[in-house]
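Close look at the chain arrangement
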Amino acid sequence: MHRRMTAPGALAAASLLLAIPASAASHAPGAPGIGDPYYPAYGNGGYDVSHYDLRLKYQPATDRLEGTATLLARTTQDLSRFNLDFLLDVSEVRVNGAAAKFRTSGEHELEITPRTPLDKGSAVTVVVRYSGVPSAKQAYGFTSWHRTPDGGVAANEPEAAWWWFPSNDHPLDKATYDVSVQVPDGTQAISNGTLQSTSSRLGWTRWNWRSNKPQATYLATLAVGRFDVTTGRTESGIPVVNAYSKDLGDNYGAARASVERTGEIADWLTGYFGPYPYNALGGYVPNTDTGYALETQTRPFYSPRQFANGTNTSVVVHELAHQWYGDSVSVAEWKDIWINEGFARYAQWLWSEHEGEGTAQEIADWVYASRPADDAFWAVQPGDPGPENQFHVAVYDRGALALQALRNEIGDEDFFAILKGWPQRYAHGNASVADFRQYAEEVSGKPLAALFDTWLYEPSKPGASAARDASIARTSKAPAQPKSWKKIAATNNVHEHGHGHGR
Ligand SMILES: [Zn+2]
């Protein structure tokens, strides 16, 4: 209930005026962060966004982006003001049609004070007009906007949105998207979901993309450049749109030979993870020198460097596995990163097995045996690695090793039932490592606390007896390096971002 509503009917008109100060006093500012312990300033409190409509114009020659973002949201508390996360220059903000006051604060906060305080549970439309040169903006000393010779790309984790649209930047607040981008004729604008239409006028082409399933902000992507765009369909009928920079040089063939297998690989993954969660699919390879790939929703981002040594279907498997593990079922807090990376890495192990290049068991044995106990690798706890180690290789390799240990403990039938059931249980939502353990215990009927502690939370190498219990590296014989290992290891630097957060 709301105080304003308590005015007796007969006196409503008169007392409403008097009631306003008391009512406004009950409205408080929304928190500048959503409450994530790793990244306290990320996301915001007090509202939930359901849809982003982004209408943009981008000039590659100058790296200038301008546009209007319309956010549909609902308040979750009485709000006197609220924040968005954003870095570009804002010229106007309207809340429910009325001009609102705004100012920037902190590293990436846009504070908005609506003319009238907002009551809890009300629908809110926020319009933000803005412009700027994304590559010129930094937060915490880094940028996630990758300038290319022919344009630019927004792709990073956990933060990518600040450089191109205002948002509630945390996976807990998912929304649907319409992204419409005007670029000079001859240039392409790539984003998530389905390409609805393109239209040309006066030397500019507008690209209209729609991502109509809940999508986390860091999984929204924009790439502008000179791309070859290919289209097709998976065997199950899902439309595929891929894009390759025309300027990939020697890497062009290998990139295309890998990413063109997207449909086939997604279909293969459905055998382990269940139905593909989205109605669009693809991948894109811009002309950038970043070292990582990213599971941007429905259409992963790949760096040309992943294809420098030839085709790399392993990285495609990794990013497509994330469509279930990471994109549809997202972390509740960033410390839950294992439920993304442990599983995407394990999918690469299953692919290795499929390709006859080493079984998951053989790779697990190799990981365990090839890392001595004093390797810093074992100090990282994949279940709670800390923000500085969120994308440490241990989250991936030790994370997948934990899954092999689980598989050996509960048997193939329950293990694969869990792999398939989990994306259904939390589809288009959020979940934690604790939720996964609970689910695995529920399906297997076994207590798993000790196993999870040993493989995900001990800051040291699990000893020989723990390994024996989990059927890891059982024989005294040193395991051979699996054939797929180098390819999988080449994917290791995939998420090791250079920007070194200090928070
Ligand atoms: Zn990953």
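Read on for a plain summary of the structure. Along every chain, residues carry numbers that run from 1 in the direction the sequence is written. It should be noted that, the model being predicted, local features are given only for residues of pLDDT at least 70 and side-chain atom pairs only at 80 or more, the latter also being counted only at that level, while totals for whole chains, interfaces and linings use all residues. Computation of side-chain values: all heavy atoms of the structure, hydrogens and water removed.

A separate point is the overall build of the protein chain. Helices and strands together make up the secondary structure of the protein chain, namely twelve helices and 21 strands. Note that the radius of gyration is over C-alpha atoms, with the globule rule given as 2.2 Å times the number of residues to the power 0.38. Against the 2.2 N^0.38 benchmark of 23 Å for 503 residues, the protein chain shows a C-alpha radius of gyration of 24 Å, consistent with a compact globule. Reported as C-alpha extents along the three principal axes, the dimensions of the protein chain are approximately 85 × 55 × 40 Å. Working definition: with a 1.4 Å probe on protein chains only, accessible area under 20% of the residue-type maximum means buried, over 50% means exposed, and in between means partly exposed. Across the 503 residues in the protein chain, those meeting the buried criterion constitute 57%. With an accessible surface of roughly 19000 Å², the protein chain has 50% of that area assigned to carbon and sulfur atoms. His is not counted, nor are the chain ends, whereas Lys and Arg count as positive and Asp and Glu as negative. A charge is said to be at NZ when it belongs to Lys, at CZ for Arg, at CG for Asp and at CD for Glu. Across the protein chain, the mean location of the 44 positive side-chain charges is 6 Å away from that of the 55 negative side-chain charges. Each helix is a run of H or I in the DSSP string that is no shorter than four residues. Each strand is a run of E no shorter than two, and both are numbered from the N terminus. Reported accessibility uses the Shrake-Rupley method at a 1.4 Å probe radius. Residues are deemed covered only where the shown protein chains occlude them.

Attention now moves to the side chain of aspartate 365. Within the secondary structure, aspartate 365 is located in helix H6 (residues 360-370). By definition, a salt bridge exists where a carboxyl oxygen of Asp or Glu is found within 4 Å of a side-chain nitrogen of Lys or Arg. Although aspartate 365 lies buried, it forms no salt bridge, and the closest oppositely charged side chain, arginine 474, sits 5.4 Å away as judged by the N-O distance. Among all residues touching aspartate 365, those that are not within four sequence positions of it are Ser471, Ile472, Ala473 and Pro479. Two residues qualify as a contact provided that any one of their heavy atoms is within 4.5 Å of a heavy atom in the partner residue.

Moving on, we come to the sheet that holds strand E9 (residues 123-132). By definition, two strands form a pair when at least two bridges between them are found by DSSP. Taken together, the eight strands give an open sheet; going across it, the order is E6-E5-E9-E3-E2-E12-E15-E14, and neighbouring strands pair in mixed fashion. What marks the edges here is a single partner per strand, and that holds for strand E6 (98-99) and strand E14 (194-201). Strand direction decides the pairing type here: strand E2 (residues 47-59) and strand E3 (residues 64-75), joined by twelve bridges, are antiparallel. Along E3, the bridge assignment pairs tyrosine 52 with leucine 71.

On to unusual backbone geometry, then. Going from glutamate 157 to proline 158, the amide bond is cis rather than trans, its omega being 5 degrees. Tracing the backbone shows proline 158 in the loop between strand E11 (151-154) and strand E12 (175-184). Phi is positive for aspartate 63, close to 60 degrees, though the residue is something other than glycine. Mapped onto the secondary structure, aspartate 63 falls in the loop between E2 and E3. A residue is classified by how much of its surface remains accessible, and aspartate 63, at 1% relative accessible area, is buried. Even without being a glycine, serine 471 presents a positive backbone phi close to 55 degrees. Note that serine 471 resides in the loop between helix H11 (464-469) and helix H12 (485-490). Its relative accessible area of 18% is what places serine 471 among the buried residues.

Glancing now at helix H10 (residues 449-457). The complete set of buried residues in H10 reads Leu451, Phe452, Thr454, Trp455 and Leu456. Looking straight down H10, one finds its buried side chains confined to an arc of 165 degrees; they lie on one side. Considering only its buried residues, H10 is in contact with helix H5 (338-354), H6, helix H7 (393-410), helix H9 (433-444) and H11. Relevant arc is that of directions from the helix axis to the C-beta atoms, nothing else.

So, about the packing of aromatic side chains. The geometry of two aromatic rings is summed up by the distance between their centres and the angle between their planes. Note on ring pairs: Phe, Tyr and Trp rings are taken, using the six-membered ring of Trp, and paired if centres are within 6.5 Å. Classes follow the plane angle, with under 30 degrees stacked, over 60 edge-to-face and the rest tilted. Summed over all chains, the structure comprises 43 aromatic pairs. Aromatic side chains tryptophan 366 and tryptophan 485 sit 6.4 Å apart centroid to centroid with 70 degrees between the ring planes, which places their arrangement in the edge-to-face category. Highlighted residues: tryptophan 366 in helix H6 and tryptophan 485 in helix H12, separated in sequence by 119 residues. Side by side, tryptophan 366 and tryptophan 485 carry an identical accessibility label, which is buried. Between tyrosine 368 and tryptophan 378, the ring centres sit 6.1 Å apart and the planes meet at 70 degrees, which makes this aromatic pair edge-to-face. Here tyrosine 368, found in helix H6, pairs with tryptophan 378, found in the loop between H6 and H7; they are ten residues apart in sequence, far enough to count as distant. Note on tyrosine 368: relative accessible area 10%, which makes it buried.

For the rest of this paragraph, the subject is the packing of H9 against H10. Direction vectors running N to C along H9 and H10 enclose 140 degrees, while the axes themselves pass 11 Å from each other. Taken together, H9 and H10 sit at an angle that is classed as oblique. As for the relative orientation of H9 and H10, their crossing is right-handed in sense. Contact residues: H9 offers Val433, Phe436, Arg437 and Glu441, while H10 offers Ala449, Phe452, Leu456 and Tyr457. Gly counts as polar in this scheme, as do all residues outside two lists: the nonpolar Ala, Val, Leu, Ile, Met, Phe, Trp, Tyr, Cys and Pro, and the charged Asp, Glu, Lys and Arg. Split into classes, the residues belonging to the contact of H9 with H10 amount to six nonpolar, no polar and two charged. The convention used is that axes are lines fitted to C-alpha atoms, helices contributing only their stretch in contact, and that angles between N-to-C directions extend from 0 to 180 degrees. Comment on the angle field: the value is read as roughly parallel under 35 degrees, roughly antiparallel over 145, roughly perpendicular from 65 to 115, and oblique elsewhere. Helix crossings fall into two classes, left-handed where the near helix is turned counterclockwise from the far one by less than a right angle and right-handed where it is turned clockwise.

Moving on, we come to the sheet that holds strand E10 (residues 145-148). A sheet is described by the order of its strands in space; here four strands give the open sequence E10-E11-E16-E13, paired in antiparallel fashion. The open sheet has two edge strands, E10 and strand E13 (188-190), and neither has a second partner. Looking at each pair of strands side by side, their axes are set apart by 15 degrees on average, direction ignored. The sheet contact formed by E10 and E11 spans four bridges and is antiparallel. In the sheet register, arginine 147 faces E11, and the bridge partner there is glycine 152.

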